[in-house]
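Observations on chain architecture
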Amino acid sequence: MTAFTPIVSSGTVSGQNVVGSGSVQDIQSGGVAISGTVSELGSQTVEGRTSGMFLVSGGTQLVSGVTVGTVVGSEGEESLLSGGKASGTIVSQGGALLVNNGGTAFGATVYNAGYMQVYGGGKTSGSIIIGDEAAEVLNSGTAVATTLSAGAFQLVGLGALASKTTVLAGSL
C-alpha cells in the first residue's frame with residue numbers, strides 16, 4: 001500500500017491510497033491525483049483535479065474541482081459540491097454519485113445497484129443508467145439526455161427537470 005500525501009497543493013501524485021477512518025487527503029486547486037484508492041471510511045477533498053480514482057468500502061470524495069473517470073463501488077461515494085464537475089464517473093455495487101447544488105456530472109454510467117441522486121441546482125448530462133437496481137433520482141435537479149436501459153428507472157421529483165431522456169428498456 002502506497003502512503004498518501006495529506007495535502008497536495010501543487011504537482012501530481014499517483015497511485016496513493018487513502019485508507020481508514022480519519023484519513024483525509026486534500027487535493028488543492030493546484031494539485032492533481034491520479035489512479036489512487038479511497039477506502040475504509042477515508043476521504044478525499046478535491047479542489048484541484050483527479051483522474052482514475054477508486055472509491056470503495058465507504059471511501060468518499062468531496063469535489064469542488066474536477067474529476068475524470070472516477071470508479072465508485074461497494075458503498076463508496078462521490079459528492080459534487082458547488083463548482084464540482086465530474087466526467088465519466090462509473091457507479092456500481094451500492095456506490096453513489098451525489099450531485100449537489102452547483103455540481104455537474106457529465107457522462108456518468110450507473111449500473112449493478114449503483115445510485116445517482118441529483119439535488120436542487122445540480123445537473124447531469126449524458127448519463128447512462130443500466131439495470132433494474134440502478135436509479136437516477138431528481139430532487140429539483142436537472143437531467144439532460146439520460147439513457148435508461150435494461151429496466152433502469154429515473155424518478156423525477158417535484159420541481160425537477162428531465163429532458164431528452166431515452167428509454168430503451170426502463171421507466172421514467
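Anything mentioned here points back to the structure above.
So, here's what we can say about the structure. Just so it is clear, the structure is predicted and the values come from calculations on it, not from any experiment.

The rules behind each value
Residues numbered from 1 in each chain as written. Predicted model: local features only at pLDDT ≥ 70, side-chain atom pairs only at ≥ 80, totals over all residues. Heavy atoms only, no water. Helix = DSSP H or I, 4+ residues; strand = E, 2+ residues; numbered from the N terminus. Rg over C-alpha atoms; globule rule 2.2 N^0.38 Å. Buried < 20%, exposed > 50% of the residue type's maximum accessible area, 1.4 Å probe, protein only. Contact = heavy atoms within 4.5 Å. Areas by Shrake-Rupley, 256 points an atom, 1.4 Å probe, with all protein chains shown as cover. Lys, Arg positive; Asp, Glu negative; His and termini not counted. Charge placed at Lys NZ, Arg CZ, Asp CG, Glu CD. Pairing = 2+ DSSP bridges. Patch = residues over 30% accessible without salt bridge, like charges linked within 9 Å, V, L, I, M, F, W, Y side chains within 5 Å. Salt bridge = Lys/Arg side-chain N within 4 Å of Asp/Glu carboxyl O. Core = buried A, V, L, I, M, F, W, Y, C linked by side-chain atoms within 4.5 Å.

All right, on to the overall build of the protein chain then. Scanning the protein chain from N- to C-terminus turns up zero helices and 26 strands. Against the 2.2 N^0.38 benchmark of 16 Å for 172 residues, the protein chain shows a C-alpha radius of gyration of 15 Å, consistent with a compact globule. Seen through its C-alpha atoms, the protein chain measures out along the principal axes to roughly 45 × 25 × 20 Å. The buried share of the protein chain, taken over its 172 residues, is 42%. In the protein chain, the share of contacts with a sequence separation of at least 24, taken over all contacts with a separation of at least 6, comes to 3%. Approximately 7100 Å² of the protein chain is accessible, and the part contributed by carbon and sulfur atoms is 56%. Put simply, the protein chain has 4 plus and 9 minus side-chain charges, and the middle of one group is 20 Å from the middle of the other.

Before going further, it helps to examine the side chain of serine 43. Following the sequence through the fold, serine 43 ends up in strand β5 (residues 43–46). Taking the relative accessible area as the measure of exposure, serine 43 reaches 17% and is therefore buried. Not counting residues up to four positions away in its chain, the partners in contact with serine 43 are Val18, Ser23, Val24, Gln25, Val38 and Thr60.

If a strand is regular, its side chains alternate between the two faces of the sheet. Alignment of strand β8 (residues 60–63) against strand β11 (residues 77–80), held across four bridges, turns out to be parallel. Its bridge partner lying in β11, threonine 60 is registered against glutamate 77. Taken together, the four bridges between β11 and strand β14 (residues 96–99) define a ladder with parallel strand orientation. The residue bridging glutamate 77 from the neighbouring strand is alanine 96, located in β14.

Once that is clear, we can look at a nonpolar patch on the surface. A contiguous nonpolar patch, built from Ile90, Tyr111, Ile128 and Ile130 and spanning about 280 Å² of accessible area, is present on the exposed surface. Following the sequence through the fold, isoleucine 128 ends up in strand β19 (residues 128–130). For isoleucine 128, a relative accessible area of 35% puts it in the partly exposed group.

In this section: the nonpolar core. Leu80, Leu97, Val99, Val110, Met116 and Ile129 are the most contacted members of the largest nonpolar core, which totals 28 residues. Those elements that place two or more of their residues in this core are β1 (7–14), β3 (24–34), β14 and β17 (115–118). Beyond its immediate chain neighbours, meaning those up to four positions away, methionine 116 contacts Leu97, Ala108, Val110, Thr124, Ser127, Ile129, Ala135, Glu136 and Val137.

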